[in-house]
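A look at the structure
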Amino acid sequence: MIPLLDLKAQYASIRAEIEPAVLQVLASTQYVLGEEVAAFEREFAGYCGTADAIAVNTGTSALHLALLAAGIGPGDEVITVPFTFVATVSAICYTGATPVFVDVDPVTLTMDPEKLEAAITTRTKAIMPVHLYGQMADMDAISDIARRHGVPVIEDACQAHGAEFRGRRAGSIGISGCFSFYPGKNLGACGEGGIVVTNDPRHAKKIRMLRDWGQSRRYHHDVKGFNYRMDGVQGAILRIKLRHLDAWTDARRRNAALYDQLLAESDIAVPPTEAVGRRHVYHVYAIRRPSREFLRARLDDAGVSTGLHYPVPVHLQLAHADLGYARGDFPVSETAAAEVLSLPMYPELTSEQIIQVVDAVHAAVREDADA
Ligand SMILES: *Cc1c(COP(=O)(O)O)cnc(C)c1O
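Everything numeric here is computed off the predicted structure, so don't read it as measured data.

1. Here we look at the overall build of the chain
- When its secondary structure is counted, the chain shows eleven helices and 14 strands.
- Here the chain has a C-alpha radius of gyration of 21 Å; the compact-globule value for 371 residues is 21 Å, and the two agree.
- With respect to the three principal axes, the spread of C-alpha positions in the chain is 70 × 55 × 35 Å.
- Taken over 371 residues, the chain has a buried fraction of 57%.
- On the chain, roughly 15400 Å² of surface is accessible, and the fraction owed to carbon and sulfur atoms is 53%.
- The chain carries 36 positive and 45 negative side-chain charges, and their two centres are separated by 7 Å.

The structure is reproduced here in structure tokens:
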């Protein structure tokens, strides 16, 4: 079976570096925050081209604290997209604010700037585009609209470590950017992790306080905070993995280029391909097919694992029924949710495996056409 992702292959390649680093943290007893986490924060900020970075325990916590630092709370509206992982929307709800959706662009499947302006009200206090699959949203158009309305942009970059928009890194364009280090992400911890990057020292200071019980200094709790701290072991592991990230991203991009080339031989739709001026880091490589379930079953028979990112848009999730949206409200997201199919994508994927996947896709498409 060709897996959707292969964490064992990655671990095997860096085991000799990871194991001593973990043992060193265990011996140091800096189990929560500590020097390794602080060093990782500096290195990841450098990687993103931002002044600061604040490590937390998950990507969801990163989103939550970035929103709180921007002053978001009950009565406010935060604009995002329904075609995302549910955490984007949950983080908005944690603050007491109301998520407001705008549909995605049919080609990139990221926030459609043409639909953004109409969603802005006097209550809009932030805009949260999602850099879906590893490709950044149209940050020029979104930033322009945000600036005109005096609303900050917070980037959900949880799938987009190292992605670029006109040469600027994901997370560095908005007031802050949020990343996840869930194991399956392009940069993954051996457990949970997240980080907020920002150029704004006031935001950085607030987020640092909020992640550690609202302490301004030891025993002094200035605000009601959270326990959202990163583990020392994860900091040490992420420092090592960060040094490999560019090579892994290059491998993902090479794999995507081979998929693009081989799939072009059939009538399979392969958005979201890389838009002009953007550097896609291919967290997910998704194809589209109206008869997706048939294709998915045939690939499974052929030993190819696939994934769905995501089959139910957030506005149609039971958990968010209280927002009052209905089927038909975001047709681009709804069609994408019905059609997308994620193919195996990870740095260690070989050309032979990609050829095998594409052969299975072509065979299924031929069979589908004959049926
Ligand atoms: C993974 C992810 C998150 C949440 O990150 P966790 O570390 O799992 O909490 C949020 N938004 C998007 C788009 C994600 O892919």
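And the narrative resumes.
2. Focus on the packing of aromatic side chains
- Per the stated rule, a full pass over the model turns up twelve aromatic pairs.
- When the centroid spacing of 5.0 Å and the interplanar angle of 85° are considered together, the rings of Phe-44 and Phe-179 count as edge-to-face. Taken as a pair, Phe-44 in helix H2 (residues 35-48) and Phe-179 in strand S8 (residues 176-180) lie far apart in primary sequence, 135 residues in all. Of the two residues examined, Phe-44 and Phe-179, each falls in the buried class.
- Three or more aromatic residues joined by ring pairs make a cluster, and in this case those are Phe-40, Phe-44, Tyr-47, Phe-179 and Phe-181.
- Residue placement shows Arg-169 over the ring face of Tyr-47; its charged tip is 4.4 Å from the ring centre.

3. Comments concerning the packing of helix H3 (residues 59-69) against helix H4 (residues 86-94)
- Contact geometry of H3 with H4 gives a least axis separation of 9 Å together with a crossing angle of 40°. By the criterion of interaxial angle, the relationship of H3 to H4 is oblique. As H3 packs across H4, the resulting crossing turns out to be right-handed. Residue-level contacts link Thr-60, Leu-63, His-64 and Leu-67 of H3 to Ala-87, Thr-88, Ala-91, Ile-92 and Tyr-94 of H4.
- Residue composition of the contact of H3 with H4, by class: six nonpolar, three polar and no charged.

4. Topic: the sheet that holds strand S2 (residues 77-80)
- As summarised here, the arrangement of the three strands in space is S3-S2-S4, forming an open sheet in which the pairing is parallel. At either margin of the open sheet sits one strand with a lone partner, and together these are strand S3 (98-101) and strand S4 (124-127). Across the sheet, the mean angle from the axis of one strand to that of its neighbour is 35°, orientation sign disregarded.
- Pairing geometry for S2 and S3, over four bridges, is parallel. What sits directly across from Ile-79, in S3, is Val-100.

5. Structural notes on H3
- A large share of H3 lies buried, amounting to nine of its eleven residues.
- Turning to H3, its buried residues number three or more, namely Gly-59, Ser-61, Ala-62, Leu-63, His-64, Leu-65, Ala-66, Leu-67 and Ala-69.

6. Some points on the domain arrangement of the chain
- Split by domain assignment, the chain resolves into domain 1 (7-102 + 109-239) and domain 2 (245-370).
- Taken residue by residue, the interface counts 40 residues in domain 1 and 33 residues in domain 2.
- Both sides of the domain 1 and domain 2 interface together cover about 3200 Å² of buried area, and 62% of this is carbon and sulfur.
- For domain 1, the biggest contributors to the area lost against domain 2 are Tyr-133, Gln-135 and Asn-186; these three give 25% of the whole.
- In this assembly, domain 1 and domain 2 are joined by zero salt bridges.
- Every element with two or more residues in the side of domain 1 that touches domain 2 is listed here: helix H1 (7-28), H4, S3 and strand S6 (164-165).
- The class makeup of the residues in the side of domain 1 that touches domain 2 is 22 nonpolar, twelve polar and six charged.

So, how was this worked out
- Residues numbered from 1 in each chain as written.
- Predicted model: local features only at pLDDT ≥ 70, side-chain atom pairs only at ≥ 80, totals over all residues.
- Heavy atoms only, no water.
- Helix = DSSP H or I, 4+ residues; strand = E, 2+ residues; numbered from the N terminus.
- Rg over C-alpha atoms; globule rule 2.2 N^0.38 Å.
- Buried < 20%, exposed > 50% of the residue type's maximum accessible area, 1.4 Å probe, protein only.
- Areas by Shrake-Rupley, 256 points an atom, 1.4 Å probe, with all protein chains shown as cover.
- Lys, Arg positive; Asp, Glu negative; His and termini not counted.
- Charge placed at Lys NZ, Arg CZ, Asp CG, Glu CD.
- Phe/Tyr/Trp six-rings, centres within 6.5 Å; stacked < 30°, edge-to-face > 60°.
- Lys NZ or Arg CZ within 6 Å of the ring centre and 35° of its normal.
- Axes fitted to C-alpha atoms, helices over the stretch in contact; angles between N-to-C directions.
- Parallel < 35°, antiparallel > 145°, perpendicular 65-115°, else oblique.
- Left-handed = near helix turned anticlockwise from the far one by under 90°.
- Contact = heavy atoms within 4.5 Å.
- Nonpolar A, V, L, I, M, F, W, Y, C, P; charged D, E, K, R; others polar.
- Pairing = 2+ DSSP bridges.
- Domains from an automatic or database assignment.
- Buried area = accessible area lost by both parts, 1.4 Å probe.
- Salt bridge = Lys/Arg side-chain N within 4 Å of Asp/Glu carboxyl O.

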